Amino acid sequence: MLEISGISKRYGGLQAVKDVNLTVAKGEIVSLIGPNGAGKTTLFNLVTGFARPDTGHVRLEGDEVTGLPPEAIARHGMVRSFQITNVFANLPVIENLRLASYLHLRADLTSDVLGLSPAREKAARTMEEARRILALLDLAKFSATPAKRLAYGQLRLLEIAIALCVRPRLLLLDEPAAGLNSREGEHLTALLRRLRDETGLTILLVEHDMDLVMAVSDRVVVLNFGEKIAEGTPAQVKEDPRVVEAYLGTPFEEEPA
Ligand SMILES: Nc1ncnc2c1ncn2[C@@H]1O[C@H](COP(=O)(O)OP(=O)(O)O)[C@@H](O)[C@H]1O
Ligand SMILES: [Mg+2]
């Protein structure tokens, strides 16, 4: 699904990402972890077109997408949760989703060849799609709730729901559990698994919540000072001495420094 090869990025004197290779197979959930400043967000930026790599390639299902702008990369099926239009605070949840879905349909030329797709059909499709996504994320009961009334944890789920309206094949999430309590973190773990199992979605996430990372990931990739220092199953990575050291000797279960 995703193949990142030899990717590097320097900011002035700082090598933020250094010669990273990373692949994600279709249907996999892969987590990217590492101490603060390790280059995780920069790597996401390079892959999703928000920053240009100095060297290296990004291929999505075999297509070279290196250096393309974020919208073009999203059209190729790789979508990052925050790159979508912000949540409209006064609109009900369902309308936020319909809007995102409609904007996507309009941008999708194949579904709109020669403008023959009638507006009514489009409205029905966006409503159906929005309902399906709300149900997937356990947000159906908040359908009519204005977004500004949602609790923080539900708002984070709405961001994921909005990203799903763009119909990604590969979804990138940067710290989706940040600010969630442990119950919400467990709920998110179950939702990510369900998304993968029920829709075949491939997921790459950056996350500090080790309970979530260990529970949800097929594979974990560890960055430190811009370099990949370890990769493997959650159990393998947890035991890796280089990983324990990168987390400054703190027991791996604790919050990384
Ligand atoms: N746009 C930028 N300009 C200059 N330095 C940057 C920029 N983006 C990131 N950095 C630097 O690159 C390093 C990696 O940052 P980042 O990718 O945000 O790490 P992480 O997400 O792992 O915490 C940090 O030292 C950060 O200060
Ligand atoms: Mg970051």
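### Regarding the sheet that holds strand S7 (residues 170-174)
Strand pairing in a sheet relies on backbone hydrogen bonds. The paired strands run either parallel or antiparallel.
Here's step 1: Spatially, S6-S7-S8-S3-S9-S10 is the arrangement adopted by the 6 strands of the open sheet, whose pairing is mixed. In this open sheet, the two strands that pair with only one neighbour each are strand S6 (78-80) and strand S10 (227-232). This sheet shows a mean twist of 20 degrees between the axes of neighbouring strands, independent of strand direction.
Here's step 2: For S7 and strand S8 (residues 202-206), the ladder comprises 5 bridges, and the chain directions are parallel. The residue of S8 that forms the bridge with Leu 170 is Thr 202.

### A word on the site of ligand 1
Here's step 1: Tyr 11, Leu 14, Ala 16, Pro 35, Asn 36, Gly 37, Ala 38, Gly 39, Lys 40, Thr 41 and Thr 42 make up every residue found near ligand 1.
Here's step 2: The separation between an oxygen atom of ligand 1 and a polar side-chain atom of Thr 41 is 2.9 Å.
Here's step 3: Look at ligand 1: alone it shows 560 Å² of surface, and the protein chains cover 58% of it.
Here's step 4: Among the elements of the structure, strand S2 (14-24) and helix H1 (40-48) are those that each provide at least two residues to the shell around ligand 1.
Here's step 5: Sort the elements by how many residues they give to the shell around ligand 1 and H1 lands first, with 3 residues.
Here's step 6: Looking at the shell around ligand 1, its residues break down into 5 nonpolar, 5 polar and 1 charged.

The rules behind each value
Residues numbered from 1 in each chain as written. Chains lettered and ligands numbered in written order. Predicted model: local features only at pLDDT ≥ 70, side-chain atom pairs only at ≥ 80, totals over all residues. Heavy atoms only, no water. Pairing = 2+ DSSP bridges. Helix = DSSP H or I, 4+ residues; strand = E, 2+ residues; numbered from the N terminus. Axes fitted to C-alpha atoms, helices over the stretch in contact; angles between N-to-C directions. Near = heavy atom within 4 Å. Polar contact = N/O pair within 3.5 Å; in protein donor to acceptor, adjacent residues only side chain to side chain. Areas by Shrake-Rupley, 256 points an atom, 1.4 Å probe, with all protein chains shown as cover. Nonpolar A, V, L, I, M, F, W, Y, C, P; charged D, E, K, R; others polar.

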